[in-house]
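Architecture at a glance
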Amino acid sequence: MTAEALETGALIEQYAARLSSPDRALPLGTPRGADELLAPGRPRDGARLLEDTVNRLGTIGLQARCRMVERLVADDGITYGGDHPGRPARPWLLDPLPVVLDADEWARLERGLDQRARLLDAVFADLNGPRTLVASGVLPGGLVAAHPGFLPQAEGITLPGRRALPMTSTDLARTPDGSWTVLADRTQAPSGAGYAMANRRITARALERLHRRTPLRRLRGWFSLFAEALQQTAPPGVDDLARVVLLTPGPGSETAFDQALLSTLLGHPLAQSDDLVMRGGRLWRRTMGRLEAVDVVLRRVDADWTDSLDLLGQSRLGVPGLVAAARRGTVSVVNPLRASLLENPGLLPFQDALAKALLGEELQLRVPETWWCGEPHQRAYVLGRLGGLVIKPIHRGAGESHLLGWQQTRAQLDELRDRIRAEPWAWTAQEPLVKSTAPVVTRLGLEPRGLMLRTFGVAVDDGYHFLPGGLARVAPSVDSFNVTNTAGAAAKDVWVLDTEDAAPSRIDLDTLTRARVLPADAQMPGLTPRAADNLYWLGRYTERAELGARLAMVADNLVEDHHRRPGTPGHTAMQVALHALTAHLSTRAGVPAVDADALLAEPLPFLEALLIDDTRGGVASNVTRARTAAQHAREILSMDTPSVLSRLDRVLEEARAEESVPVQLVASRILDSLLALAGLSNESLVRDEVWAFLQAGRRIERAQSIPRLLRTTLTPRRAPVVEAQVVESVLRVADSLITYRRRMSAGVGHPHPVVAALTLLVDEPANPRSLAFQLDSLREALAHAPHVRIDEKLTELRRRVRQADLAALAAGDREELVAELRAWEDALRGLSDEIEAVHFVAQAPQSSFVVAELTGGGA
C-alpha cells in the first residue's frame, strides 16, 4: 500500500473515532475530513465502499480521478452559468467521490420527503383556492399576500390530476447527529435533475470498477415517471399523447445544460419564446411549415416572466396570453404559476401547525428554527440577535439573497435593522445550521466541506416518486457556510445502495409501460426556425473552419519549402496559397485587413494566428462560433457532439500555450476533430430536418468556397510549370489531389492541368469536394423542407454549372472564367439569403393588444 493510501486510511480511522465520541458536533472550521463517510458510532455501508476505494487509489490516484472528471465534464459539455459573448459558461464542478446512502437511510428520508411533498401539495391547493389556512389563523394573511408569488392574475388556475403540485424539490442538510433537516423548498421551477444524471454518467466512468460492483438504485426510470407525471397534467379533452414543451429562457440561462439534458431525457423539445405563439386561445409551437399544438408547458422560466400581457410587461421570455390560456384550460403550465408561494421561508415557523391541520401528522423532517419578522414578538427577537442569525428575504428574486449576520459590519447591521423595521413582513431569520461534511478531493488530499442535498419528486397518480439520491453539493472551502453554485460549490453524485432486503422500489413498472392512444396521424415534433438556423450555421462554421485548416496546412508546407526561394515556381505557389487565405478571411465582416507585404515577408505568424487567434476570423473564430451554435441546439444533436467540440477546444488551448505553434500538427489535429464532427452528422443523425439543415449549412458553405478558391488561384495565367504546382496546391486544399494524379497518369480527362482541376472541382458529380456534388447534396437535404423559390434558384444554378464549357472558359485570358465564377458566387449568396429568409424568420415582438385579440374569443 502506498504512503498516500496509508495516510488517507489513517485519516478516516481518526475521524471515525472522533465521530464515535460523545462530542460529535464538530464546530465550523475544524479540520475534518471524513465525517460524511462514517455515521456516528459505526461505519456505514457507503463508508466501507469509499474507504476501500480511497485506500486503493491514495492521494495521487484520487487527484488523477479529479483530472479525469474535469476532462469528462468538458467532453460532455457540462456547464453552469449563462453563455454570453465574452463571458462563456464555466465548466461544471464535480468531485469524483460520491455521497453514499444505504438503503435504510434512503427509505427513511424518502418517507419524510413523501410527507413533505403531500404537505406542500395540500398547502398550495388551499392557498390557490379557499385559503382556509388564512381564514382559520393557521397562517398570517400578510405572509401570503406579501409574497411576489401570490400573483392574483393566476389565482384559481388549477391542473388536472389528483395533485395540485406535480413537482417538488427540497434542499436538505444532514446535521452531525445524522438526521436530515429541510433548508428550503424549490417549487418555482426546480433545476438540477439533469445535472444529477450528468453527475452519475461522469462518476460511473471515473470510478468504473467501484460503480460496476456496487448495487445501486438507478436513475433512468425516474425520468420515465417524470414524463408520465407531465402526461397526467394534460388539459381535459387530450385523450391521446399530450404534446409537451420545456419552456427555457435560452442558452443564456445559468442552467441551460440542465434544461437541454432534461429535454433529451424526457423526449420533449425545448422551446424559447420565439418558438411559441398564441392562436385562437391555444398555444402553438412554430415549426417548419406548420404549427403544432402544445398541451403542457414544463416551465424553466420564473412565473412572472412567462406572460408579458398579464404579468411582467417587459418580459421577452414567455408568451403573451399564456395565463389566459391556462385559465381557459387549453394548456397546462407545470409547475403551477403560483407555486413559488411555497418557497417562502416565512412558512417554516408554521410547519408543525400546517402538518397537523392538513395531514394530521407530526413532521418527519425537521426545519431550522425560523422567525418571520411580520409577527412583532418574532421581529423583536430577530432584531436583538441579528448578528448571530441567517437573514433571508421571503422572496429570493430581485437580487436579494440571504445574509450572514456574523459577517456584517456594525453599519451594515444597522442598515439591515432599518430595512426590517420598514418592511417587516418581507424578512425572516434562521438559526445557523451546522452541516455534516463530505470529503472532497483537493490538491492537498481530502478536505471536509459542508454538504447539501437537493431532492426531486414528481406526482404520478396519487403518490410522489423521488429521484434516488438527488443532487449533492459541497461548499467551496472548509470554512464556507454557503453551499451554492454561484459561490463556487462543487457537485457530487449520490449513490443509493440497493440491497436484497431493502424496501422495494417505488417505481411502478406498470406506470412506466402504460399504453396511451396514439393518433393515426402522429408526427415527430418539428424543427423550429430558431433551431434550424443554429443547425445551418453550425454546418457553415465547421466547414469554414475546415477550409481554413486545410489552407493553413498547404500554405505552411509551401512556406517551409519555398519562402526563401523567390522567383521559383514553388515561391509563386506559396504566394497564391497565402492570397487564397487572405481571400478566405476577407469575406468575413469585422476581420482586420491583412498587410500583404508583411504577410509575404513573415508568413508564419499569420498562419499561427489564423489557427489560434479568436479575433482574426480564422479557424479558432469559426470553432468558437460553431460551439455556440451547437450549444443552442444541443438537445437535438448527437450526444457525442460536445466531446468532439471539447477536443477541438483542447487542441487550441494547448496550441496557445506553445511558444511557437506547430502549424502542421495543430491544423492536422483540428481537421481530425472536424472530420469526426462531419462523421457524426453523416452516420449518427436520422435523415430528417435536423440532419437536413446541418447538411445544408455544410453544403452551401463548401459550395461558396469552391468558386472563390478557384477564382483566387487558377484564373491568372502563368507559366506551365508554375501553373502545375499551383494546381496541385489547390487540389490538396480540396482533398482531391490523389484522384487528379491517378486520372492524369491514366490519361483520363483533359490533359491541361487547369482544365482537369476545374472539371474535378466543378462538374464531377461523384467528387464530394465538387460544386456539382454540393448542389446535388443541397437539393437532397432541402427536400426535407421544400420551397418553390429555393428549388427554382437551385435548379437554375445547377443547370448553369452543368452547361459551363470549362475548357473554353480556361482558354485565353480567362476573364470569362472569372466572370462565371463570380456569377456562381453571387448566385450561391442569393440562394443562402433565400434559405434564411424562408426558413429562419423570427417572430416580430408579440404586442399585447394583438394577443388579447387572438385569445379573447369564447371560453
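Structure first, text after, so check above.
Residues numbered from 1 in each chain as written. Predicted model: local features only at pLDDT ≥ 70, side-chain atom pairs only at ≥ 80, totals over all residues. Heavy atoms only, no water.

Comments concerning the nonpolar core
Convention followed: What we call a nonpolar core is a set of buried Ala, Val, Leu, Ile, Met, Phe, Trp, Tyr and Cys residues that are connected through their side-chain atoms within 4.5 Å. Burial classes: relative accessible area under 20% of the type maximum marks a residue as buried, over 50% as exposed, and values in between as partly exposed (1.4 Å probe, protein chains only). Helix and strand assignments follow DSSP, with helices taken as H or I runs no shorter than four residues and strands as E runs no shorter than two, numbered in order from the N terminus. We call two residues in contact when some of their heavy atoms are within 4.5 Å.
If you look at the biggest cluster of nonpolar residues, it comprises 107 residues, and the most contacted ones within it are Leu611, Ile670, Leu710 and Trp824. In terms of residues, this core owes the most to one element, helix H15 (residues 529–562), which gives 17 residues. With near-sequence residues (within four places) excluded, isoleucine 670 lies in contact with Ala549, Leu611, Val619, Leu648, Val651 and Leu652. Residues Ala193, Tyr195, Leu230 and Leu298 belong to the second largest nonpolar core, which totals 44 residues.

Some words on the pattern of salt bridges
Filter applied, for reference: Put simply, a salt bridge is a Lys or Arg side-chain nitrogen that is within 4 Å of an Asp or Glu carboxyl oxygen.
This model, assessed by the stated rule, comprises 50 salt bridges. Where arginine 163 meets aspartate 121, a salt bridge forms, and the shortest distance between an N and an O atom there is 3.1 Å. You can see arginine 163 sitting in the loop between helix H5 (141–145) and strand E6 (167–174) and its partner aspartate 121 sitting in helix H3 (residues 103–127), a full 42 residues away along the chain. Judged by relative accessible area, arginine 163 falls into the buried class, the value being 17%. Judged by relative accessible area, which is 7%, aspartate 121 ranks as buried.

Some remarks on helix H23 (residues 720–733)
Filter applied, for reference: Expected span of a helix: the number of residues minus one, times 1.5 Å.
Taking 1.5 Å as the rise per residue, H23 with 14 residues should run 20 Å; its terminal C-alpha atoms sit 20 Å apart, in good agreement. Within the span of H23, buried status applies to Val722, Glu723, Val726, Val727, Ser729, Val730, Leu731 and Val733. Immediately downstream of H23, the backbone of aspartate 735 shows phi near 55°, a positive value.

Some thoughts on the sheet that holds strand E15 (residues 370–372)
Counted only if it meets this: We treat two strands as partners when DSSP finds at least two bridges between them.
Strands sit in the order E15-E18-E16-E17 across an open sheet of four strands; the sheet is antiparallel. Sheet topology places E15 and strand E17 (403–404) at the edges, where each strand pairs with a single neighbour. Where strand E16 (residues 390–393) meets strand E18 (residues 427–430), four bridges bridge the pair, whose relative direction is antiparallel. The residue of E18 that forms the bridge with proline 393 is tryptophan 427.

Examining the environment of glycine 346
As for its position among the elements, glycine 346 is in the loop between strand E14 (332–334) and helix H11 (351–358). By relative accessible area, which is 0% here, glycine 346 ends up buried. On a C-alpha basis, the gap between glycine 346 and threonine 370 in space is 7.7 Å, while along the polypeptide they are 24 residues apart. Residues in contact with glycine 346, not counting those within four places in the same chain, are Leu143, Trp372 and Thr428.

Digging into the sheet that holds E14
Strand pairing in a sheet takes place through backbone hydrogen bonds and is either antiparallel or parallel in direction. Counted only if it meets this: In this description, a line fitted to the C-alpha atoms serves as the axis of each element, helices being fitted only across the stretch in contact, and the angle between N-to-C directions of two axes falls anywhere from 0 to 180 degrees.
Reading across the sheet, the four strands line up as E9-E8-E13-E14 and stay open at both edges, with parallel pairing between neighbours. Taken across any chain shown, the strands that pair with only one partner, and hence form the sheet edges, are strand E9 (270–271) and E14. Direction of pairing for strand E8 (residues 244–247) relative to strand E13 (residues 296–299): parallel, over a ladder of four bridges. When the sheet's bridge partners are listed, leucine 246 is paired in E13 with leucine 298. The sheet strands contacting helix H8 (residues 220–231) are E8, E13 and E14, and the helix crosses E13 at an angle near 130°.

Comments concerning the packing of H3 against H11
Under the convention used in this document: Just so you know how the angles are binned, under 35 degrees is roughly parallel, over 145 roughly antiparallel, 65 to 115 roughly perpendicular, and the rest oblique.
Where H3 contacts H11, the axes come no closer than 10 Å and their chain directions differ by 80°. Between H3 and H11, the crossing angle belongs to the class labelled roughly perpendicular. Only Gln351, Leu354, Ala355 and Leu358 of H11 make contact with H3, whose side of the interface consists of Arg116, Leu119, Ala122 and Val123.

Keep in mind these values describe shape, not function.
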